[in-house]
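Structural description and commentary
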Amino acid sequence: MLFWQILIDGFAISALYALGATGFTLIFGVSGVLNLSHGAIMVGAAVAAWAAASEFGVGPYTGALIGIIAGFILAFATYFIAVRPIQRSKVIAESEKEIFILTATLLWGIIIQEAIAYAFTNNAKTVLPIVEGVTTVLGVRTPRNEYFTAVICWVAIGLLWFLVNRTRRGKAVMAASMNPRGVTLLGIELSSIYLTVWAIYGLLAGVAGILLGMFLGVSSYSVGPLTASAFSIVVLGGLGSVSGSLIAAYVVGYLETGTAYLISPAYRTIPALLLLVVVMYLRPQGLFGRR
Amino acid sequence: MPNFVSSRLFWIGLATVIVALVLPTYVSGYVLGLLTVAYYTAVFAMSWDLLFGFAGEVNFGPTFLIGVGAYTAGILDAHFSPGLSIWLCIAAGALAAVVGGVVLALPALRVSGPYFGLTTLVAVLMLQNFIVVAAGLTGGEIGLAVPDVISIDAKTNYWIALGFMLVSGAILFGLSRSAIGLILQASGQDKIQAGALGFNVTKHKLAAFVVSAFFSGLAGALMVFYMGTASVSTFVDVGVGVQIIIAAVLGGRRTVIGAAIGAIFLIGMGELLRPLGELATLIVSVIALVVILFFPDGFLGMIRGGAKA
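So, here's what we can say about the structure.

Basis of the calculations
Each residue is numbered by its place in its chain's sequence as written, counting from 1. Note on labels: chains are lettered from A, ligands numbered from 1, in written order. Reporting of local features is limited, given that this is a predicted model, to residues whose pLDDT is at least 70; pairs of side-chain atoms are given and counted only at 80 or more, and all residues count toward the totals for whole chains, interfaces and linings. Every helix listed is a DSSP run of H or I at least four residues long, and every strand listed is a run of E at least two residues long, numbered separately from the N terminus. Any residue with 12 or fewer other C-beta atoms within 10 Å of its own C-beta is exposed, any with 20 or more is buried, and the rest are partly exposed; the C-beta atoms used are placed from the backbone. One requirement defines pairing of two strands: DSSP has to find at least two bridges between them. Residues of type Ala, Val, Leu, Ile, Met, Phe, Trp, Tyr and Cys that are buried and joined through C-beta atoms within 7 Å form what is called a nonpolar core. Each residue gets a C-beta atom placed from its backbone, and two residues are in contact if those atoms lie within 7 Å. Think of it as three bins: nonpolar holds Ala, Val, Leu, Ile, Met, Phe, Trp, Tyr, Cys and Pro, charged holds Asp, Glu, Lys and Arg, and polar takes everything else, Gly as well. One less than the residue count of a helix, multiplied by 1.5 Å, gives the span that helix is expected to have.

What follows covers the overall build of chain A. Broken down by element type, chain A carries eleven helices and two strands. The N-to-C order of helical and strand elements in chain A reads α-α-α-α-β-β-α-α-α-α-α-α-α. Oriented by its inertia axes, the alpha-carbon framework of chain A measures out at about 60 × 50 × 35 Å. Across the 291 residues in chain A, those meeting the buried criterion constitute 51%.

Written out as structure tokens, the structure reads:
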């Protein structure tokens, strides 16, 4: 019973982690940007969906759509405000652009977080779930929403896989992550690739944020932990490796769920952090890094 | 020209120090208390700048070193209060932070860039978890009350913080302008070439970690005995580390002094804007973002740029 409980809960949490981390790793793989406003974008999308439903009384589907649009807008705003000006800057030395982008996205994340706190308070918000009720599978009573979350996450990840491997645009994105100069030589505008990637990212982060809002609820306090967990999952799996991130998301998700159920919820994040430290010492490129 | 610039900066600096010295006669204890915290934060930011600006190490966890120093001093005092002088506790805190600095330096010698950044972030999260889990020893989420304080007089505390900031600032600045600072800068920019020129990169980087940790830990320990309490939200939280990083980048990287200016500015602005409530952090972040985007060399860069033009 407990075993199945851990298996089911862990699967849903991990799927959510995987979806959140996929966008993060995609951006890094293609443009080398570590987007530290990631958590803020996820929370922003969730809060938009929540606000649409509770303040303007729209249904859960419309609310989710508004949340996804918010995710898009925030992702593009991040790119145009905090990333592109630095990438194109002539004043900042090339070797220092990395830390500037880190600082700028971090600040941008704080700005989003504080704007949310100002407009909608710091209280936790739960997005109206699309699927309601509970169901009993293998003797475990689970909210239907949990299965819904896992399914949507995997559908989104599957679509991403299809996009990257089977469409012309996606293949160009893939190629850009391997060799940006080569793609430019083939006559593909690199800046339009970046726009595509940020659009995909906005979609993924938005969906992940809304699902998180339905599943666990979000508040402006979850911004930091969300960014940190995406960052650690992505490094654990190997920066830039999407399949690595997916596996790492499941490792972290099950470690956390297992610890919470078997030992104590207070120790929830500790084993995953320990694992991360061990991996950093023994295999700094991550479990499936390309380096 | 550089002489003129440096001399102008020197005179501005001297004037600022004199103003800071005579300030206690004119302002209230409340303002002094605020500046006391700002001065300790300035030391945090300057120590961070030595590691990042010069050694090129992206350290997301300045609060790991600060927290180790602060909590070591606080726990020692809380458990052996009358028997152990607070100065011994503070020394022990600084020492513990140095040990922490060496532990943090080990991965830095193996991994770099974002990987090292994450390692330091994890170090902070582990420390935070440890403090919460070992609540019996550390006071957990509520915080640790220490029985002793350095002084209850706002002016005395102010003088100690100011003196400490000036001395550590002078040492860190002197170090950054010395041959060691140059070697650190070289190894931060191109590790292999610096090594090929015959410099022991590992030794210098380790030294940078030790120095940075020493001052972070010392400042943390002193601040515990100023506040009379140690808590996760003031010493360890990732948000505190973010403030320190923003302060250093805002004031101007690789200047040491800029970091102190940035820290005092951030704390002062936060206080001035406090009546605006939630908007205060928002406005400070927007200012910081604008400075970083348009004046990448920070406040000190603006002053210098103005002198050049």
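Continuing now.
Right, let's talk about the pairing of strand E1 (residues 134-137) of chain A for a bit. Within a regular strand, the side chains alternate between the two sheet faces. Residues and elements named next belong to chain A. Relative to strand E2 (residues 140-143), E1 is paired through four bridges, and the arrangement is antiparallel. Directly across from Thr-136, in E2, lies its bridge partner Arg-141. The hairpin formed by E1 and E2 contains two residues between the paired strands, and Leu-138 there has a positive phi angle of roughly 55 degrees.

Quick look at the nonpolar core now. In this structure, A:Leu16, A:Ala46, A:Ala49, B:Ala42 and B:Ala45 are the most contacted members of the largest nonpolar core, which totals 202 residues. Residues within four places of A:Ala49 in sequence aside, it is in contact with A:Gly63, A:Ala64, A:Ile66, A:Gly67, A:Val127, A:Ile210 and A:Gly213.

In this section: the interface of chain B and chain A. Contact residues are listed per partner, giving 33 residues for chain B and 36 residues for chain A. Every element with two or more residues in the side of chain B that touches chain A is listed here: helix H5 (113-133), helix H12 (238-251) and helix H14 (279-294) of chain B. Counting residues per element, the side of chain B that touches chain A draws most heavily on H5(B), which supplies eleven residues. The residue inventory of the side of chain B that touches chain A, partitioned by class, reads 24 nonpolar, seven polar and two charged.

Residues and elements named next belong to chain A. Along its 30 residues, helix H1 (residues 2-31) runs 43 Å from first to last C-alpha, staying within 8% of the 44 Å computed at 1.5 Å per residue. In terms of residue burial, H1 counts as a mostly covered element, since 23 of its 30 residues are buried. Phi turns positive one or two residues past the end of H1, at Gly-32, with a value near 70 degrees.

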